Amino acid sequence: MRLDKWLKVSRLIKRRTVANEACDNQRISANGRSVKASYEVKPGDVLELRFGERTVKVEVLSVSEVVKKDEAPAMYREML
């Protein structure tokens, strides 16, 4: 699944266009390197999202096309 779509489905970012812009501005990295919105997300990837001064680091646990709102947090695990 594309990175921008995964970020939307997992509800880490509300809209796919916003996720796409974050990738274009190099605010998202996967496994230590900047990636484009077309990056194929796989379970085990470590994503780092930079929102202003805050940084969120998550490990991808699953990739699903359709997920209910209450099941979305099960798609990733926050890392410290």
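Below or above, wherever it landed, is the structure these notes cover.

## Looking at the sheet that holds strand 2 (residues 33-34)
Working step 1: One open sheet holds the five strands; their spatial order is 2-1-3-4-5, and the pairing between them is antiparallel. In this open sheet, the two edge strands, each paired with only one partner strand, are strand 2 and strand 5 (76-79).
Working step 2: In terms of strand pairing, strand 3 (residues 46-51) meets strand 4 (residues 54-60) through six bridges, oriented antiparallel. Along strand 4, the bridge assignment pairs F51 with R54.

## Regarding the pattern of salt bridges
Working step 1: One pass over the structure, following the stated rule, counts five salt bridges.
Working step 2: Of the charged contacts, one joins R77 and E59 as a salt bridge, the two residues approaching to 2.2 Å between their closest N and O atoms. Of this pair, R77 sits in strand 5 while E59 sits in strand 4, placing them 18 residues apart in sequence.
Working step 3: Residue E59 is classed as buried on the basis of its relative accessible area of 19%.

## Things to note about the nonpolar core
It is characteristic of soluble globular proteins that their nonpolar side chains tend to be buried jointly.
Working step 1: Within the largest apolar cluster, 24 residues are counted, with the highest numbers of intra-cluster contacts made by L3, W6, L7, I28, L47 and L49.
Working step 2: For this core, the secondary-structure elements that each account for two or more residues are helix 1 (3-9), helix 2 (16-24), strand 1 (28-30), strand 3 and strand 4.
Working step 3: The leading source of residues in this core is helix 1, at four residues.
Working step 4: Once you skip the residues sitting within four places of it in the chain, L47 turns out to touch L3, W6, S29, A30, V56, K57, V58 and V60.

## Some words on helix 2
An α-helical turn contains 3.6 residues, so a residue and the one three or four places further along point in the same direction.
Working step 1: Of the residues making up helix 2, those classed as buried are A19, A22 and C23. The buried residues of helix 2 occupy an angular sector of 100° when the element is viewed end-on, so they sit on one face. In helix 2, those exposed residues whose orientation departs by more than 90 degrees from the buried face are T17 and D24.
Working step 2: The secondary structure elements touched by the buried residues of helix 2 are helix 1 and strand 1.
Working step 3: Q26 occupies a position one or two residues after helix 2 and carries a positive phi of about 55°.

## Section: the environment of K57
Working step 1: Turning to its location among the elements, K57 is positioned in strand 4.
Working step 2: For the pair K57 and Y76, spaced 19 residues apart in sequence, the C-alpha to C-alpha distance is 9.8 Å.
Working step 3: The residues contacting K57, other than those within four sequence positions of it, are V46, L47, E48, R77, E78 and M79.

## Considering a positive patch on the surface
Working step 1: A surface patch of positive charge is lined by K8, R11, K14, R15 and K69.
Working step 2: The residue R15 is located in the loop between helix 1 and helix 2 in this model.
Working step 3: With relative accessibility at 52%, the residue R15 sits in the exposed group.

Parameters at a glance
Residues numbered from 1 in each chain as written. Predicted model: local features only at pLDDT ≥ 70, side-chain atom pairs only at ≥ 80, totals over all residues. Heavy atoms only, no water. Pairing = 2+ DSSP bridges. Helix = DSSP H or I, 4+ residues; strand = E, 2+ residues; numbered from the N terminus. Salt bridge = Lys/Arg side-chain N within 4 Å of Asp/Glu carboxyl O. Buried < 20%, exposed > 50% of the residue type's maximum accessible area, 1.4 Å probe, protein only. Core = buried A, V, L, I, M, F, W, Y, C linked by side-chain atoms within 4.5 Å. Contact = heavy atoms within 4.5 Å. Arc of directions from axis to C-beta. Patch = residues over 30% accessible without salt bridge, like charges linked within 9 Å, V, L, I, M, F, W, Y side chains within 5 Å. Areas by Shrake-Rupley, 256 points an atom, 1.4 Å probe, with all protein chains shown as cover. Lys, Arg positive; Asp, Glu negative; His and termini not counted. Charge placed at Lys NZ, Arg CZ, Asp CG, Glu CD.

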